[in-house]
Amino acid sequence: MLDIATELLRWVAEGRDFAVATVVTVGGSAPRPPGAALAVDADGTAVGSVSGGCVEGAVYDLCVQALQEGRVVRERFGYSDEDAFAVGLTCGGVIDVLVTSVRRDAPDRQVLEAALSAAAGGETAAFARVVRGPAELLGRALLVRADGAYEGGLGGDPRLDGTAVAETRALLEAGRTGTVDVSEDGSHCLGGVTLFAESSVEPPRMIVFGAIDFAAALVRTGKFLGYHVTVCDARPVFATRARFPEADEIMVDWPDRYLRGTGTDARTVLCVLTHDAKFDVPLLEEALRLPVAFVGEMGSRRTHEDRNRRLREAGVTEEELARLHSPIGLDLGARTPEETALSIAAEIVAARRGGSGTPLTGAPTPIHHDRPEGPGRVTALTSAAG
């Protein structure tokens, strides 16, 4: 729902009654991720999308009905071979949709407004709602901020709020949107209540080292993918706003020094395009020891082998070297800067989502899949950035 926060915040400010349908879980080749939303106001105006078209009409009708009756509805949409003309997802996937009525007198309207305001303003926060459980709890919501403060509540056993805040904050700290199961008394035993938490976080960082023509194309591609893009180069004549008008930041500094002094996290992508050993080696010594999502380096295979030799001599371990994507990019036969940027972006997405990088034609693998998140109670996860 936070993907349409700006529009919904305007509706709230105008005092409109509306209903909002939010995708809370997906399975198979579902067209939109958890958190995608469609909202309909009392006049029939709609914003957003939950399926890219497959079931929009049916979800629209659910919103209208929920708004008229002032209730919360959870509905599953899939594909049935037995009834090919039924409303469903032609892609073969399954989505669960939570439809909530948001009238002016709704008890959770105030916390919803706070969540929309936080998302529209770029604040780090997570909005959690009950999507499975007792009827009296369904749709109840709370907003958790980065410092652990929260607004709203789920009702029921008072221990439930404490557990919900802790679980939601854990998702927020990971920059994730997803579901988590707890019991009605707030314990961590599975069953009872399922929460769906949407995280609103700052966009992940892409740092591009090397102010070359390929970097300009990669900046544009990174912005398209939703990254906060920084260009760093030690040469002030090349690292200019005129050359990189779409970059969020342009830093004139030695790459390794800049990397040591800037903030990175598990979502950060580092793309090294300098193609110069005096920059590359000290930079990669730093980069390969950071817990970032992706480290890639441009260069020929011969350059790659020479660079690896230099890195080994500098003390970089084989385990650290294994994290390096070099030569960077998938084999698309790219020639131009734009094609090269596309190949780099494709490898970044494949690494992030656990894709193989092979053509989908004839492939037996699922079209939509994420890397496993490891053991735990969190399911149906997706990154806040897309």
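Located above this text is the structure these notes cover.
Structure report, in brief. (Residues numbered from 1 in each chain as written. Predicted model: local features only at pLDDT ≥ 70, side-chain atom pairs only at ≥ 80, totals over all residues. Heavy atoms only, no water.)

## Looking at the sheet that holds strand β4 (residues 72-77)
Part 1 of the reasoning: Reading across from one edge, β3-β2-β1-β5-β4 is the order of the five strands in this open sheet, with antiparallel pairing throughout. At either end of the open sheet lies a strand with only one pairing partner, and these are β3 (46-48) and β4. The average undirected angle you get between the axes of adjacent strands in this sheet is 20 degrees.
Part 2 of the reasoning: Bridge analysis of β4 against strand β5 (residues 94-102) gives six bridges, and the strand direction is antiparallel. Bridging from a neighbouring strand, R76 pairs with D96 of β5. (Pairing = 2+ DSSP bridges. Helix = DSSP H or I, 4+ residues; strand = E, 2+ residues; numbered from the N terminus. Axes fitted to C-alpha atoms, helices over the stretch in contact; angles between N-to-C directions.)

## As for the sheet that holds strand β15 (residues 294-297)
Part 1 of the reasoning: In spatial order, the strands read β13-β12-β11-β14-β15-β16; together these six strands make up an open sheet with parallel pairing. One side of each edge strand has no neighbouring strand; the edge strands of this open sheet are β13 (249-252) and β16 (324-325).
Part 2 of the reasoning: Here strand β11 (residues 205-209) pairs with strand β12 (residues 228-233) via five bridges, running parallel. Residue F209 lies in a different strand from β12, and its bridge partner there is C232.

## Some thoughts on unusual backbone geometry
Part 1 of the reasoning: With an omega of -5 degrees, the peptide bond between S326 and P327 qualifies as cis.
Part 2 of the reasoning: Checked against the element boundaries, P327 lands in the loop between β16 and α10 (337-353).

## Concerning the pairing of strand β7 (residues 141-145)
Part 1 of the reasoning: Judged by how many residues are buried, β7 sits mostly within the fold: four of five residues are covered.
Part 2 of the reasoning: The sheet contact formed by strand β6 (residues 125-132) and β7 spans five bridges and is antiparallel. The residue bridging R129 from the neighbouring strand is A141, located in β7.
Part 3 of the reasoning: Pairing of β7 with strand β8 (residues 150-152) involves three bridges; the strand directions are antiparallel. Looking across to β8, one finds that L142 is bridged to G152.
Part 4 of the reasoning: The hairpin formed by β7 and β8 contains four residues between the paired strands, and G148 there has a positive phi angle of roughly 95 degrees. (Buried < 20%, exposed > 50% of the residue type's maximum accessible area, 1.4 Å probe, protein only.)

## With respect to the environment of V252
Part 1 of the reasoning: Among the secondary structure elements, V252 is positioned in strand β13.
Part 2 of the reasoning: Spatially, the C-alpha atom of V252 lies 5.3 Å from that of D233, the residues being 19 residues apart in sequence.
Part 3 of the reasoning: What V252 contacts, discounting residues up to four positions off in sequence, is D233, A234, P236 and A239. (Contact = heavy atoms within 4.5 Å.)

## Some points on the packing of aromatic side chains
Part 1 of the reasoning: In this structure the tally under the stated criterion is two aromatic pairs.
Part 2 of the reasoning: Ring geometry for W254 versus F279: centroids 4.9 Å apart, planes at 45 degrees, classification tilted. Of the two residues, W254 sits in the loop between β13 and α6 (255-261) while F279 sits in helix α7 (residues 277-287), which places them 25 residues apart along the sequence.
Part 3 of the reasoning: Relative accessible area serves as the criterion here: at 9%, F279 is assigned to the buried category. (Phe/Tyr/Trp six-rings, centres within 6.5 Å; stacked < 30°, edge-to-face > 60°.)

## Side note on the nonpolar core
Part 1 of the reasoning: If you look at the biggest cluster of nonpolar residues, it comprises 25 residues, and the most contacted ones within it are M206, L218, F244, I344 and I348.
Part 2 of the reasoning: Sorting the residues of this core by element identifies β11, α5 (213-224), β12, β14 (269-272) and α10 as the ones contributing at least two each.
Part 3 of the reasoning: Top element by residues in this core is α5. It accounts for five residues.
Part 4 of the reasoning: Those residues within four positions of F244 in sequence are excluded, and the remaining contacts are A211, I212, A215, A216, V219, V231, F238 and I250.
Part 5 of the reasoning: In this structure, I4, L8, A115 and L116 belong to the second largest nonpolar core, which totals 24 residues. (Core = buried A, V, L, I, M, F, W, Y, C linked by side-chain atoms within 4.5 Å.)

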